[in-house]
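# An overview of the molecular structure
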There are 2 protein chains.
Amino acid sequence: MSTLADVAARAGVSKSTASRALNGSGYVSAETHARVTRAAQELGFVAHPGAASLATGRTQTVAVILPRADRWYFAELLDGVQEELLTGGLDLMLYNGADGSEGRARMLDHAISRRRFDGVIAVGIEPEAHEIERLLKARRPIVTIGPHSEGASSIMLDDRLTAHVATEHLIDLGHTDIAFLGGPADPQRAGFGDALRIRGYLDAMAEAGLEDAARIVPAESSVPGGYAAAGDLLGNKRTRPTGLLAVCDETAVGAMIAARRMAISIPGELSVVGIDDHQYAEMFGLTTMRQHPREQGRTAVRLLQERMQNPDAPLARRVEASALVVRNSTAPRG
Amino acid sequence: MSTLADVAARAGVSKSTASRALNGSGYVSAETHARVTRAAQELGFVAHPGAASLATGRTQTVAVILPRADRWYFAELLDGVQEELLTGGLDLMLYNGADGSEGRARMLDHAISRRRFDGVIAVGIEPEAHEIERLLKARRPIVTIGPHSEGASSIMLDDRLTAHVATEHLIDLGHTDIAFLGGPADPQRAGFGDALRIRGYLDAMAEAGLEDAARIVPAESSVPGGYAAAGDLLGNKRTRPTGLLAVCDETAVGAMIAARRMAISIPGELSVVGIDDHQYAEMFGLTTMRQHPREQGRTAVRLLQERMQNPDAPLARRVEASALVVRNSTAPRG
DNA sequence: CTGTTAGCGCTTTCAA
DNA sequence: TTGAAAGCGCTAACAG
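Residues numbered from 1 in each chain as written. Chains lettered and ligands numbered in written order. Predicted model: local features only at pLDDT ≥ 70, side-chain atom pairs only at ≥ 80, totals over all residues. Heavy atoms only, no water.

Per an unreviewed UniProt entry, the recorded name for chain A is LacI family transcriptional regulator, and the organism is Microbacterium keratanolyticum.

### Some words on the side chain of Ser 153 of chain A
Residue and element names in this part refer to chain A. Threshold: Each helix is a run of H or I in the DSSP string that is no shorter than four residues. Each strand is a run of E no shorter than two, and both are numbered from the N terminus. Pairs of N or O atoms are called polar contacts if they sit within 3.5 Å, as long as, within protein, a hydrogen donor faces a hydrogen acceptor (for residues adjacent in sequence, only side-chain-to-side-chain pairs). The contact criterion used is simple: two residues touch if any of their non-hydrogen atoms lie within 4.5 Å.
Positionally, Ser 153 belongs in strand β5 (residues 153-157). Of note is the side chain of Ser 153, whose polar atom sits 3.0 Å from the backbone nitrogen of Ala 316. Once residues lying within four places of it in the same chain are set aside, the contact partners of Ser 153 are Ile 142, Val 143, Thr 144, Arg 307, Leu 315 and Ala 316.

### Describing the UniProt feature "domain: HTH lacI-type" (unreviewed entry) in chain A
Put simply, the rule reads: UniProt positions are given in the numbering used here, feature names are shortened, and annotations may be inferred rather than shown by experiment.
In the numbering used here, UniProt assigns the "domain: HTH lacI-type" (unreviewed entry) feature to residues 2-56 of chain A. With 71% helix and 0% strand, the stretch residues 2-56 of chain A has end C-alpha atoms that lie 20 Å from each other.

### Quick word on the environment of Arg 160 of chain B
Residue and element names in this part refer to chain B. Under the convention used in this document: Working definition: with a 1.4 Å probe on protein chains only, accessible area under 20% of the residue-type maximum means buried, over 50% means exposed, and in between means partly exposed.
Checked against the element boundaries, Arg 160 lands in helix α8 (residues 159-172). Of the residues examined, Arg 160 reaches a relative accessible area of 38% and is grouped as partly exposed. Put simply, Arg 160 and Phe 192 are 32 residues apart on the chain and 11 Å apart in space, counted from C-alpha to C-alpha. Beyond its immediate stretch of four places on either side in the chain, Arg 160 contacts Leu 196, Arg 199, Gly 200 and Asp 203.

### Side note on the relation of the copies chain B and chain A
Convention followed: Here the copies are superposed with least squares, the fitted atoms being C-alpha atoms of residues at a pLDDT of at least 70 in both.
Each copy superposes on the other: chain B lies on chain A with an RMSD of 0.1 Å after a rotation of 180° and an axial shift of 0.0 Å. Overall, the copies show the geometry of a two-fold rotation axis. Most of the interface of chain B is mirrored in chain A, where 100% of its interface residues again form contacts.

### Focus on the pairing of strand β3 (residues 119-123) of chain A
Residue and element names in this part refer to chain A. Worth spelling out the cut-off: Two strands form a pair only when DSSP identifies at least two bridges running between them.
Counting buried residues in β3 gives five out of five residues, a clear majority hidden from the surface. Side chains of β3 alternate between two faces, with Gly 119, Ile 121 and Val 123 and Val 120 and Ala 122 buried alike. Pairing of strand β1 (residues 61-66) with β3, which is carried by four bridges, proceeds in the parallel orientation. If you follow Ile 65 over to β3, its bridge partner there is Ala 122. Sheet topology places β3 next to strand β4 (residues 142-145); four bridges connect them, and they run parallel.

### Quick notes on unusual backbone geometry
Residues and elements named next belong to chain A. Residue Pro 267 is reached from Ile 266 by a cis peptide bond, and omega for that bond is 5°. With respect to the helices and strands, the residue Pro 267 is situated in the loop between α11 (249-261) and β9 (271-276). The backbone of Arg 115 sits at a positive phi, close to 30°, despite the residue not being glycine. Of note, Arg 115 is situated in the loop between α6 (102-114) and β3.

### Brief notes about the protein's contact with DNA strand C
Put simply, the rule is: The criterion for a residue being near a molecule or strand is simple. One of its heavy atoms has to lie within 4 Å of it. Under the scheme applied, nonpolar residues are Ala, Val, Leu, Ile, Met, Phe, Trp, Tyr, Cys and Pro; charged residues are Asp, Glu, Lys and Arg; polar residues are all the others, including Gly.
Close to DNA strand C lie 26 residues, the nearest being Ser 16, Arg 20 and Thr 32 of chain A together with Leu 4 and Ser 16 of chain B. Per the 4 Å cut-off to the protein, sugar and phosphate atoms form 56% of the nearby atoms of DNA strand C. Here Ser 14 of chain A contributes a backbone N or O atom positioned 3.0 Å from a phosphate oxygen of DNA strand C. Contacts to DNA strand C include Ala 51 of chain B, whose backbone N or O atom sits 3.4 Å from a base nitrogen. Among the residues forming the surface near DNA strand C, the class breakdown is 12 nonpolar, 11 polar and three charged.

### Examining the interface of chain B and chain A
What counts, and what does not: Here's the idea: put two parts together, see how much 1.4 Å probe accessible area each one loses, and the total over both is what we call buried area. Any carboxyl oxygen of Asp or Glu within 4 Å of a side-chain nitrogen of Lys or Arg constitutes a salt bridge here.
Tallying the contact residues gives 48 residues for chain B and 49 residues for chain A. A buried area of about 4800 Å², summed over both sides, lies between chain B and chain A, and 56% of it is on carbon and sulfur atoms. Broken down residue by residue, the surface that chain B buries against chain A is led by Leu 86, Asp 91 and Met 283 of chain B, which jointly contribute 13%. Run the count over chain B and chain A and you get four salt bridges. At the boundary of chain B and chain A, one finds 22 residue pairs in polar contact (both at pLDDT 80 or more). The set of elements that each furnish at least two residues to the side of chain B that touches chain A consists of α4 (49-56), α5 (72-87), β2 (91-96), α6 (102-114), α10 (223-235), α11 (249-261) and α12 (281-284) of chain B. Of the residues forming the side of chain B that touches chain A, the biggest block, seven residues, is contributed by α5 of chain B. Taken together, the residues of the side of chain B that touches chain A break down into 22 nonpolar, 15 polar and 11 charged.

### Considerations on the packing of aromatic side chains
Residue and element names in this part refer to chain A. Convention followed: Note on ring pairs: Phe, Tyr and Trp rings are taken, using the six-membered ring of Trp, and paired if centres are within 6.5 Å. Classes follow the plane angle, with under 30 degrees stacked, over 60 edge-to-face and the rest tilted.
This structure, assessed with the given rule, holds four aromatic pairs over all chains. Considering the side-chain rings of Tyr 73 and Phe 74, the 5.4 Å spacing of their centres and the 75° angle between planes classify their relative orientation as edge-to-face. Residue classification places Tyr 73 among the buried residues on the basis of a relative accessible area of 14%. Consider the rings of Phe 180 and Tyr 201, whose centres lie 5.5 Å apart with planes at 45°: the pair is tilted. With Phe 180 in strand β6 (residues 178-181) and Tyr 201 in helix α9 (residues 192-207), this pair connects stretches of sequence that are 21 residues apart. Take Phe 180 and Tyr 201: they sit in the same class, and that class is buried.

### Observations regarding the protein's contact with DNA strand D
If you check the shell around DNA strand D, you find 26 residues, and the closest are Leu 4 and Lys 15 of chain A together with Thr 17, Arg 20 and Thr 32 of chain B. The sugar-phosphate backbone supplies 59% of the atoms of DNA strand D found within 4 Å of the protein. Within the backbone of Leu 4 of chain A, one N or O atom sits 2.3 Å away from a phosphate oxygen of DNA strand D. The contact in question runs from a base nitrogen of DNA strand D to an N or O atom on the side chain of Ser 16 of chain B, over 3.0 Å. For the surface near DNA strand D, the secondary structure elements donating two or more residues are α2 (15-23) and α4 (49-56) of chain A together with α2 (15-23) and α4 of chain B. Across the surface near DNA strand D, the residue classes tally to 12 nonpolar, 11 polar and three charged.

### Concerning the pattern of salt bridges
In the structure shown here, the tally under the stated rule is 46 salt bridges over all chains. Asp 91 of chain A is paired through a salt bridge with Arg 116 of chain B; the nearest N and O atoms lie 3.1 Å apart. Highlighted residues: Asp 91 of chain A in strand β2 (residues 91-96) and Arg 116 of chain B in the loop between α6 and β3 (119-123), drawn from two different chains. For Asp 91 of chain A, a relative accessible area of 0% corresponds to the buried category. A relative accessible area of 9% means that Arg 116 of chain B is categorised as buried. When the shortest N-O distance is used, the salt bridge between Arg 160 of chain B and Asp 203 of chain B registers 2.9 Å. Within this pair, whereas Arg 160 of chain B is found in helix α8, its partner Asp 203 of chain B is found in helix α9 (residues 192-207), the two being separated by 43 residues in sequence. Look at Asp 203 of chain B and you get buried, because its relative accessible area is 17%. Connected via shared salt-bridge partners are Glu 76, Asp 79, Glu 83, Glu 84, Arg 294, Arg 298 and Arg 302 of chain A.

### Structural notes on α2 of chain B
Residues and elements named next belong to chain B. Convention followed: Comment: arc refers to directions from the helix axis out to C-beta atoms.
All of the buried residues in α2 are Thr 17, Ala 18 and Ala 21. The arc that holds every buried residue of α2, seen down its axis, measures 100°, which confines them to one face. Away from its buried face by more than 90 degrees, α2 exposes Lys 15 and Asn 23. Packing partners of the buried residues in α2 comprise α1 (4-11) and α3 (30-43). At the C-terminal side of α2, Gly 24 shows a positive phi close to 70°.

Here it is, written out as structure tokens:
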């Protein structure tokens, strides 16, 4: 509850000197600095953020836009962002709402108009939604995680390569009938990342001369989603593939559970590869492409901070690689 | 970028009148009100939150303290909170960090000292951590979700009754050898909710004269946690229980997967009950006690708003009931 | 290196 | 019902 004036009085200096000493900006003698810091400490002084923001235009807050928190990937990301923000003394204002949901647009408007943040980390924003353009109008630096957008720094998994490598892994094991499990029923509406994963899968199939065998089975990115989709796909023994690349580990796990229910042995009769290296992958023995959302979150904060300090800093565009983690869900074609 | 002064000028009134018109406080003629609102609209005016907060002391922000975002329960809760906050035009400042984690205390101090929020929603705070006391010092209303604390409103599941009912369900089916799966290895360190669930389980067992058969098998509240713990528990056919109450659905699902791997039929040889009605419960046919974290989140916001508007409003203490949802994971003892 | 002086944009008495 | 004026607590020129 004490104000800068109190601190200044106690230290026997003016408010401006106190301010300078506390912010480390401008010249202050070592002795004065010490006196002021001590006074502040003794009074338990903490600057009123509203007042500071009014005076400087800065808020020490980062907005995080997230489609949802209930998937492993996003939750991990969020944790990483939070950790890194904390070390910088920045606050995290969360705006979570599904793409295209009713509240989402309203949320974004609300967020932007109140401009309560110095920077934005936007996760999984679809370029065609033009959300980035609206954010850019707020003239705050932006880092996207997922699809890259003009005017923003970005971090993304090399989705295409990831799916390519995963598919090749199956091909190398001798599989020729490999299905891709994931994406919406209407492939046109596939999210950016999903579309790239499908692309990588198709490329790899084509390179191996298997383009005719390629098939894409829509599935939600969740365990029940993978379970349901795999149920249909694996039901008929005649048409069942021997290899499966899932859009993410959750979907892959769902498929594995479905397979087990149908008494299809993994990896004996069916090899499954996921993408993520989800917390559950280990227990299911799932072969997968590992990515590090937590690290991505931390990196996003660092990139953002650079541009918050220097708005003219160049935009960064990071593409992350993933590594194949082989467990027991894949084996040579029987 | 336009300020209240701009709006006032455009509407041909003073700043104070404009402010009154926009905030709906005080007397303003209908005609003036209309003119001001129009002017504000045309200019796309939005009050600078920092300035408003400096003048009023209020921030239109609610802090949410969460142990983690990667579990279904917390993620759902968060979504509910966000939705409801949005309808009230409030912003959500997130502080997530595991109980007792290194950053957690720092986070809380940071949050409190900056007092950037008008109220707090604290999820799963353990009473003995004294975090609530520290929050109360910030003199902001608090709603806890989970353990109740003096001085705060609270919403909690009736954990004890829930576990009691779930256990009774198994007893009614004729089971006598029923284990509880969950809680830490050292029962003293069980979280508040977990401890109550264990209590409810023990009570029900005792009431049925089964106290000697009661046993508690520690397990993490996660699928892999349930899987690992069930592996040990179910391994020996001699000592294997016929009924299992898991601390949450994730643990229950893990146990079901473990059972299936060991070719233990559910519900033929083993009945399993969970708590939550998790997104996955349906697909696993899991019998469970349903709770509604999303609704709990919304309710928390409403309770908080009441006390934000009127600090003298009485503290609320809501205890929510859960309902038994019977699926296919439970059956009469074979 | 330090103090004085103006605000930042809004709300809120108080008088009119 | 409206306006003038005084801050809220901080920062940032500008002098000194």
